[in-house]
Amino acid sequence: MWKNIEAAPADAILGLTEAFKSDSNTNKVNLGVGVYKDENGTTPVLSCIKKAENMLLEEQITKGYLPISGNAEYGAAVQELLFGSGSEVITSNRASTIHSPGGTGGLRVGADLVKKFKPTATLWVSSPTWANHKGIFTAAGFEINDYPYYDSTTKGVNFDGMIGALNSVPEGDVVLLHVCCHNPTGADLNDDQWDDIIESAKANKWLPFLDFAYQGFGDSVEQDRRAVEKFASAGIDFLVASSFSKNLALYNERVGALTVVSPTEKEAKVAMSHIKKIIRVNYSNPPAHGGLSAKIVLTDSALKELWLDELAQMRDRIKKMRKALVNGLIERNVDQDFSYIIDQRGMFSFSGLSDDAVNDLKENKSIYIVKGGRINVAGLTSRNIHYVCDSIADTLNN
Ligand code: PMP
């Protein structure tokens, strides 16, 4: 069957990790892969999750299937996190939430759902965006277009370009928006810009699909969801794919959600009925362990407090390393201004390093950065920061 078929290319980011693993340089640093690392360079299980898992194992009396949409309390906890407790969207039952296998699963179920009812819609993504967005929606049968997002001169959002493009998106098309901690640029929208985007969605009747993979990695759980709350108040249809991979560090448990918000409870019920059909013929129902562990953390007040504390520690460490990188480069008299790295949010930074510099750092210094210059700031630690700054200075000054 495969004799005349060419092998598919390896995933660019995961391929970089393979190269990193086989590098024997003891100073090697991986700034490519998108997982949080602590000061020791590891991706630990959060204490709140360890405690929840112990409780879960104690209490669990069955491995029977979960409902197609997942555990109901998990869905309710997700909604509370997305919209805030007591939100009108929740009290009016206008949101339908399912536990998806990670944020990726939420995006794919949502993509299949939209494709089914808007078969000719095009998907619009930011330029640039997380590479898998295009893959997921292409696999679901979408044509993809992009809207301007990053301005490499100002190192911020090209909002005029963005809103201009969104105002000419045809009625019925779908627009994917990163709620916070934009991957790969780290450049986010402000409140006024979100207001303009919501106006554009209403006026031009395109469908917003929000990707919310980093809640709590920007400023706080509450601050980071402001755009979601704004969409909820607008009373329009929209979708949110959210993830606990990063903020609960549940990467390999595949814990995420798809939430479809509708103008009325009646429509939300119709949406849910179709989401369930899509899941049933795909993976049937979600895995239990990670979602139930997340549910315990989110519904137990002591564990939730512990989680918010652990989340703040991850966020603060990333911010600290942003400053250390920028200051380290200033101290080494690097001409290029990198100060914008401090203002970028979340785990990633569009560093501004050219592909030549990225290549030089990999070949000669064993520092692994994704082509295009995206750095995972969480890959920096107080142990490797001096080596990284020395190496970047060496590469740029020579
Ligand atoms: N969206 C974005 C922008 C992401 O960066 C990621 C993770 N890299 C995801 C969605 C999905 O993550 P997961 O499926 O691991 O929850």
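Chains are numbered independently. Their residues run from 1 in the order of the written sequence. Given that this is a predicted model, residues contribute local features only at a pLDDT of at least 70 and side-chain atom pairs are listed and counted only at 80 or more, while totals for whole chains, interfaces and linings are drawn from all residues. Water and hydrogen atoms were dropped before computing side-chain values, which therefore reflect all heavy atoms in the structure.

Q: Explain the site of the ligand here, please?
A: Each residue is tested against the molecule or strand, and it is near if at least one of its non-hydrogen atoms lies within 4 Å. Around the ligand lies a shell formed by G102, G103, T104, W130, N183, D211, A213, Y214, S243, S245, K246 and R254. Pairing of N or O atoms within 3.5 Å defines a polar contact, subject to two protein rules: one partner must be a possible hydrogen donor and the other a possible acceptor, and residues neighboring in sequence count only if both atoms are side-chain atoms. Take G103: an N or O atom from its main chain is 2.7 Å from an oxygen atom of the ligand. Separating an oxygen atom of the ligand from a side-chain N or O atom of N183 is a distance of 2.8 Å. Out of a free accessible area of 400 Å², the ligand has 91% covered by protein chains. Helical segments are the DSSP runs of H or I of at least four residues, strand segments are the runs of E of at least two, and each set is numbered from the N terminus. Here the element with the most residues in the shell around the ligand is helix 5 (residues 102–117); it accounts for three residues. When residues are grouped by polarity, Ala, Val, Leu, Ile, Met, Phe, Trp, Tyr, Cys and Pro land in nonpolar, Asp, Glu, Lys and Arg in charged, and all others, Gly among them, in polar. Across the shell around the ligand, the residue classes tally to three nonpolar, six polar and three charged. With residues, only the protein chains shown are counted as cover, and all accessible areas are computed by Shrake-Rupley using a 1.4 Å probe.

Q: I keep staring at the sheet that holds strand 9 (residues 238–243) and nothing clicks. Help me out?
A: Neighbouring strands of a sheet are bound in pairs by backbone hydrogen bonds; such pairs are parallel or else antiparallel. The strand order 2-10-9-8-7-3-4 describes an open sheet built from seven strands, whose pairing is mixed. Of all the strands in the sheet, just strand 2 (95–100) and strand 4 (143–148) have a single pairing partner and so form its edges. Put simply, the sheet's adjacent strands are angled 20 degrees from each other on average, direction ignored. With two bridges connecting them, strand 3 (residues 122–127) and strand 7 (residues 174–178) associate as parallel partners. Along strand 7, the bridge assignment pairs L123 with V174. Seen against the sheet, helix 6 (residues 131–139) touches strand 3, strand 4, strand 7 and strand 8 (207–212) and runs at an angle of roughly 150 degrees to strand 4. Following DSSP output, two strands are said to pair if at least two bridges run between them. Orientation is described by axes fitted as lines to C-alpha atoms, over the contacting stretch for helices, and by angles from 0 to 180 degrees between their N-to-C directions. Contacts are assigned to residue pairs with any non-hydrogen atoms lying within 4.5 Å of each other.

Q: Hey, could you run me through the packing of aromatic side chains in this one?
A: The way to describe two aromatic rings as a pair is by their centre distance and the angle between their planes. When the centres of two rings from Phe, Tyr and Trp lie within 6.5 Å, Trp using its six-membered ring, the rings pair. Their planes under 30 degrees apart give stacked, over 60 give edge-to-face, and anything left gives tilted. Applying the stated criterion to the full structure yields eleven aromatic pairs. Considering the side-chain rings of Y74 and F244, the 6.0 Å spacing of their centres and the 75 degrees angle between planes classify their relative orientation as edge-to-face. With Y74 in helix 3 (residues 72–83) and F244 in the loop between strand 9 and strand 10 (256–261), this pair connects stretches of sequence that are 170 residues apart. Per residue, the accessibility class of Y74 equals that of F244, and both read buried. Taken together, the aromatic side chains of Y36, Y214, F217 and F348 make up a single cluster linked through ring pairs. Lysine NZ or arginine CZ positioned within 6 Å of the ring centre and within 35 degrees of the ring normal marks a charge as sitting over the ring. The aromatic ring of F20 is capped on one face by K28, whose charged end is 4.7 Å from the ring centroid. The ring of F142 is capped by K115, whose NZ or CZ atom sits 5.4 Å from the centre of that ring. Buried means the residue's accessible area, taken with a 1.4 Å probe over protein chains only, is under 20% of the maximum for its type, while exposed means over 50%, and partly exposed covers the values in between.

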